[in-house]
Amino acid sequence: MNAFHGGTHYYVVPRTSGARLNAAFWNYEHYRNRFGASEDGFEKFANEFMDRFRECVKEHDWVGCAHRFEAYGPRYEGVFYHADQLIKSMYATFLEGWLEMFGRENVLVLRTEDVYSESEKTRKEALLKAVAHLGLETPSEETLTAMDRCKENEGDFEVVERSLRLSGEGGEAGIRPSMREKLDEFFEPQRVALVAMFGDDKLRWRRPYNT
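Fair warning: this is a prediction, and the values are worked out from it, not measured in the lab. For every chain, the first residue of its written sequence is number 1, and the numbers climb from 1 along that sequence. Confidence filtering applies because this is a predicted model: local features only for residues at pLDDT of at least 70, side-chain atom pairs given and counted only at 80 or more, and all residues used for totals across whole chains, interfaces and linings. Just so you know, side-chain values use all the structure's heavy atoms and leave hydrogens and water out.

Draft legend 1. Looking closely at the overall build of the chain. Numbering of helices and strands runs from the N terminus; a helix is a DSSP stretch of H or I covering at least four residues, while a strand is a stretch of E covering at least two. Scanning the chain from N- to C-terminus turns up twelve helices and three strands. Accessibility here uses a 1.4 Å probe with only protein chains present; expressed as a share of the type maximum, an area under 20% marks a residue as buried, one over 50% as exposed, and anything in between as partly exposed. The buried share among the 211 residues of the chain stands at 45%. Contact definition: two residues touch when any of their heavy atoms are within 4.5 Å. Put simply, of all contacts in the chain between residues at least 6 apart along the chain, 60% involve residues at least 24 apart. When the accessible area of the chain is evaluated, it comes to approximately 11300 Å², of which 50% is carbon and sulfur surface. Reported accessibility uses the Shrake-Rupley method at a 1.4 Å probe radius. Residues are deemed covered only where the shown protein chains occlude them.

Draft legend 2. Up close: unusual backbone geometry. At Tyr-81, a position not held by glycine, the phi torsion is positive, near 50°. Turning to its location among the elements, Tyr-81 is positioned in the loop between α5 (74-77) and α6 (84-88). At His-82, a residue that is not glycine, the phi angle is positive and equals roughly 55°. Turning to its location among the elements, His-82 is positioned in the loop between α5 and α6.

Draft legend 3. Just the pattern of salt bridges, in detail. Take a side-chain nitrogen of Lys or Arg and a carboxyl oxygen of Asp or Glu: if they are within 4 Å of each other, that pair is a salt bridge. With the rule as written, the count across this model stands at 18 salt bridges. In this structure, Lys-121 engages Glu-125 in a salt bridge whose closest nitrogen and oxygen atoms are separated by 2.6 Å. Here the residue Lys-121 and the residue Glu-125 both occupy positions in helix α9 (residues 120-133), the gap between them amounting to four residues, near one helical turn. Overall, Glu-125 belongs to the partly exposed group, its relative accessible area being 38%. Among the salt bridges present, the one from Arg-204 reaches Glu-188, with a minimum N-O distance of 2.4 Å. Here Glu-188 lies in helix α12 (residues 177-198) and Arg-204 lies in the segment after α12, a separation of 16 residues in the sequence. Linked by salt bridges that have partners in common, Glu-39, Asp-40, Glu-43 and Arg-176 make up one network.

Keep in mind these numbers describe shape, not what the thing actually does.
See below:
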């Protein structure tokens, strides 16, 4: 989850939690070395983290485990990298703190799939939401096009495109349908909470995930 801020205004740009988890697995070598650089390896990685986190929740609670997982003793401290990538994908849990600190009116959530969409129209809509949220003057179509095509954004687009390609269904290292179902089930309460927080049903990431 990436965060950007302007003055006291904040907006957060997530992507579907399962895709983020899969991309982290393929982007960081130590996970592949530990579990195996394959779809089987990703499933071992995801299942181990989900299983241990569920055990933690049975003993404590979801929020406590998200914030203090490894602090609950050797049983959890010993989990490889403390299930960090799974926990980082729990957007709603951590956004609660943002809303409490900055106020709902100062937080805008946009999806990476929209900000970095192949559709120029979708990208511009996301840009206009950010501009309005920050209280800036609405740009002309010419200025908006220049903002959308800013060369400084090219590096970000390349990173996100690779990430979405890796973690997307049918991608270079796609997630098997059975694993996708398990991830959807695990993260569904987070998506439901996001929709309740921001009133944006797109944050449910209904299949297909780019809609």
